[in-house]
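Report on the structure
Single-letter residue listing:
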Amino acid sequence: QVQLVESGGGLVQAGDSLRVSCAASGRTFSGYTMGWFRQAPGKEREFVAAISGSGGSTRYRDSVKGRFTISRDNAKNTVYLQMNSLKPEDTAVYYCAADRTGVVVSATATMYDYWGQGTQVTVSS
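Residues numbered from 1 in each chain as written. Predicted model: local features only at pLDDT ≥ 70, side-chain atom pairs only at ≥ 80, totals over all residues. Heavy atoms only, no water.

So, about the nonpolar core. One broad trend across soluble globular proteins is that nonpolar side chains are buried collectively. Judged by nonpolar contacts, the single largest core of 30 residues is most densely connected at L4, M34, W36, L81, M83 and Y94. Looking at this core, the elements with two or more residues in it are β3 (18-24), β4 (33-39), β5 (46-51), β7 (68-73), β8 (78-83), β9 (92-99) and β11 (119-124). (Core = buried A, V, L, I, M, F, W, Y, C linked by side-chain atoms within 4.5 Å. Buried < 20%, exposed > 50% of the residue type's maximum accessible area, 1.4 Å probe, protein only. Helix = DSSP H or I, 4+ residues; strand = E, 2+ residues; numbered from the N terminus.)

What follows is the structure in C-alpha cells.
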C-alpha cells in the first residue's frame, strides 16, 4: 500500500506562483508514474500533469503548458508541481496520484492506483 500526502496549497493572487508537494511512502517510488489532478467545485476531476518514474518523461494538459512544471526527487519520495502565472481558473483541490505499473505516463485517472487526500489551491483575481 502506498500513502500519498499533499502539502503546499494556499490562497494566492492571480499571477503569483505556488509549489505543491506530494510525499509518498513505500520503497519502490522510483518505479511509479506520478500524476497531479485537480477538481474545482461542481466540475469533474481533470488531469494536470504526470511524470515517469525516472523523471525523463512528462505530460501536461494544454491549459497549464508553459506555466506548470512537474518534477520529482526519488531520493525523497516526493513529487512537486511548480505553478507559475496562476489564474483564477486554476482554483481547485489538487490531488497527487501514483500508477504502480509505471508503464506509461497517463492522463487517465483510472490508470492510477493510489491517491492523496488533496490540497486546496485558491487563486484570487
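Having seen the model, we can carry on.
Take the pairing of β8 next. Buried residues dominate β8, accounting for five of its six residues. Pairing between β3 and β8: six bridges, direction antiparallel. Residue pairing for β8: A23 is matched across the bridge by T78. With six bridges joining them, β7 and β8 adopt antiparallel strand pairing. Directly across from R72, in β8, lies its bridge partner V79. Counting the residues that bridge the hairpin from β7 to β8 gives four residues, and of these N77 lies at a positive phi of roughly 55°. (Pairing = 2+ DSSP bridges.)

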